[in-house]
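# Structural description and commentary
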Amino acid sequence: MPQDFNQQIIDEFRANQGQVAMFDGARLLLLTTTGARTGAQHTTPVGYLPDGERMLIIASAGGAPKHPAWYHNLRATPRVTVEDGIFTYPADAVVLEGEERDSAFARAVEMDPGWAAYQAKTSRVIPVVALTPRGGGPDGTRGGDFLVRVHDAFRRELRLIRKEVAASGTGGLGVQLRVNCLTLCQGLHQHHRFEDAGMFPWVEGRHPELTLVVDRLREEHGTVSRLLDELQRLLADGEPAAPAPKVLAEVDRLVTELEAHLDYEERELVPILNAMNP
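Basis of the calculations
- Residues numbered from 1 in each chain as written.
- Predicted model: local features only at pLDDT ≥ 70, side-chain atom pairs only at ≥ 80, totals over all residues.
- Heavy atoms only, no water.
- Salt bridge = Lys/Arg side-chain N within 4 Å of Asp/Glu carboxyl O.
- Helix = DSSP H or I, 4+ residues; strand = E, 2+ residues; numbered from the N terminus.
- Buried < 20%, exposed > 50% of the residue type's maximum accessible area, 1.4 Å probe, protein only.
- Polar contact = N/O pair within 3.5 Å; in protein donor to acceptor, adjacent residues only side chain to side chain.
- Pairing = 2+ DSSP bridges.
- Axes fitted to C-alpha atoms, helices over the stretch in contact; angles between N-to-C directions.
- Expected span 1.5 Å × (residues − 1).
- Arc of directions from axis to C-beta.
- Contact = heavy atoms within 4.5 Å.
- Left-handed = near helix turned anticlockwise from the far one by under 90°.
- Nonpolar A, V, L, I, M, F, W, Y, C, P; charged D, E, K, R; others polar.
- Phe/Tyr/Trp six-rings, centres within 6.5 Å; stacked < 30°, edge-to-face > 60°.

## Thoughts on the pattern of salt bridges
The final tally for this structure, using the stated rule, is 21 salt bridges. A salt bridge links Arg27 to Glu157; the shortest N-O distance between them is 2.8 Å. Of the two residues, Arg27 sits in the loop between α1 (3-15) and β1 (28-34) while Glu157 sits in helix α5 (residues 143-167), which places them 130 residues apart along the sequence. Arg155 serves as the salt-bridge partner of Asp263, at 3.0 Å between the closest nitrogen and oxygen. In this pair, Asp263 is assigned in helix α8 (residues 244-276) and Arg155 in helix α5, connecting sequence segments 108 residues apart. Judged by relative accessible area, Asp263 falls into the partly exposed class, the value being 38%. A relative accessible area of 10% places Arg155 in the buried class. Salt bridges sharing partners connect three or more residues here, namely Asp152, Arg155, Glu259, Asp263 and Glu266.

## Looking at the environment of Arg156
Inspection of the secondary structure puts Arg156 in helix α5. Taking the C-alpha atoms as reference points, Arg156 and Leu212, 56 residues apart in sequence, are found 29 Å from one another. Polar side-chain contacts of Arg156 include one of 2.4 Å to the backbone oxygen of Asp84.

## Observations regarding the sheet that holds strand β5 (residues 79-83)
Ordered in space as β2-β1-β5-β6-β7-β4-β3, the 7 strands form an open sheet in which the pairing is antiparallel. Two strands lie at the open edges of the sheet, namely β2 (41-47) and β3 (49-51), each paired on one side alone. Taking each pair of neighbouring strands and ignoring which way they run, the sheet shows an average axis angle of 35 degrees. Of the strand pairs in this sheet, strand β6 (residues 88-95) and strand β7 (residues 128-133) are connected by 5 bridges, and their pairing is antiparallel. Residue pairing across strands places Val95 opposite Val129, the latter belonging to β7.

## Structural notes on unusual backbone geometry
We note that Gln17 has phi near 50 degrees; this positive angle belongs to a residue other than glycine. Tracing the sequence through the fold places Gln17 in the loop between α1 and β1. Even without being glycine, Ala61 reaches a positive phi, approximately 50 degrees. Checked against the element boundaries, Ala61 lands in the loop between β4 (54-58) and α2 (69-76).

## Examining helix α3 (residues 98-111)
Given a rise of 1.5 Å per residue, 14 residues ought to cover 20 Å, and the 20 Å separating the end C-alpha atoms of α3 matches this to within 8%. Burial in α3 covers these residues: Arg101, Ala104, Phe105, Arg107 and Ala108. The buried residues of α3 occupy an angular sector of 155 degrees when projected down its axis, which confines them to one face. Against β3, β4, α4 (114-120), β7 and α6 (175-206) lie the buried residues of α3.

## Focus on the packing of α6 against α8
Following both chains from N to C, one finds α6 and α8 inclined at 35 degrees, their axes separated by 13 Å at the closest point. Handedness of the crossing formed by α6 with α8: left-handed. Taking contact as the criterion, the partners of Leu184, Leu188, His192, Glu195, Met199, Phe200, Trp202, Val203 and Arg206 in α6 are, on α8, Leu254, Leu258, His261, Glu265, Leu269, Leu273 and Met276. Split into classes, the residues belonging to the contact of α6 with α8 amount to 11 nonpolar, 2 polar and 3 charged.

## Topic: the side chain of His192
Turning to its location among the elements, His192 is positioned in helix α6. In this structure, His192 is in contact with His221, Val224, Leu258 and His261, ignoring residues within four places of it in sequence.

## A closer look at the packing of aromatic side chains
Going through the model one piece at a time under the given rule, you end up with 2 aromatic pairs. Summarising the aromatic geometry, the rings of Phe87 and Phe146 are spaced 5.4 Å apart at their centres and angled 55 degrees between planes, so their arrangement reads as tilted. Taken together, the residues span a long stretch of sequence, with Phe87 in the loop between β5 and β6 and Phe146 in helix α5 at a distance of 59 residues. The class for Phe87 is buried, based on a relative accessible area of 13%. With 6.1 Å between their ring centres and 75 degrees between their planes, Trp115 and Tyr118 make a pair best called edge-to-face. Here Tyr118 and Trp115 lie together in helix α4, a separation of 3 residues that amounts to about one turn.

Structural data, given as structure tokens:
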């Protein structure tokens with residue numbers, strides 16, 4: 001894409017927590033690489049696919065005969081910077097090879113046939129790159145504001161997944177969409193375990209008057225956990241592909257419970273956390 005057009009996307013992405021109007025509903029991140037020849041920093045908007053703790057990006061260049069510049073840059077310097085609209089963090093880039101690459105690309109094609117069209121336009125094998133985050137802590141943000149940013153990341157992912165499931169029709173979910181859902185489940189489980197074992201005891205120890213609030217939040221964690229387990233059961237490997245309407249119903253139940261939980265947690269704890277960490 002022309003540099004001026006790229007910069008417009010970058011500016012809009014950064015101004016709107018990762019939202020870009022012309023890519024509404026798409027999964028987009030900003031990738032900053034180190035120039036292989038110049039050593040200068042270059043930022044490029046790229047689409048991505050969730051993959052557990054990793055994200056996958058595809059060096060399609062729209063089916064051009066040559067790999068995009070960012071691909072050559074990360075081959076030379078695999079440590080990159082990722083902006084997802086909520087957080088900015090370093091990541092390690094690894095080019096997938098062989099069966100792992102082919103499987104990941106097949107999942108991408110199943111999700112969006114446009115990737116196959118790009119491959120058909122070029123004789124090169126379009127690379128798939130895995131980005132593994134390294135770090136990504138609070139970066140000086142106050143505790144309560146950081147919690148809201150984490151919640152906003154989950155809210156955005158839920159909106160994307162709900163839209164993807166709704167658009168998948170009445171048949172079974174594709175493999176990549178299953179991965180998207182399971183990645184969300186994994187992330188929510190991990191976040192709530194951190195809160196249960198770390199943040200909640202920390203708050204209770206300093207604000208005993210919030211014991212009833214924390215008890216309610218723990219109870220809501222249990223409700224969300226049961227909904228996540230049910231969603232994971234529907235999507236488990238080896239099980240028949242769950243019909244999209246059934247999965248959508250479970251996602252809607254999860255959205256309803258989780259939104260209410262996040263709103264309550266923010267209302268009760270954000271001012272306290274910000275006051276503790278001004």
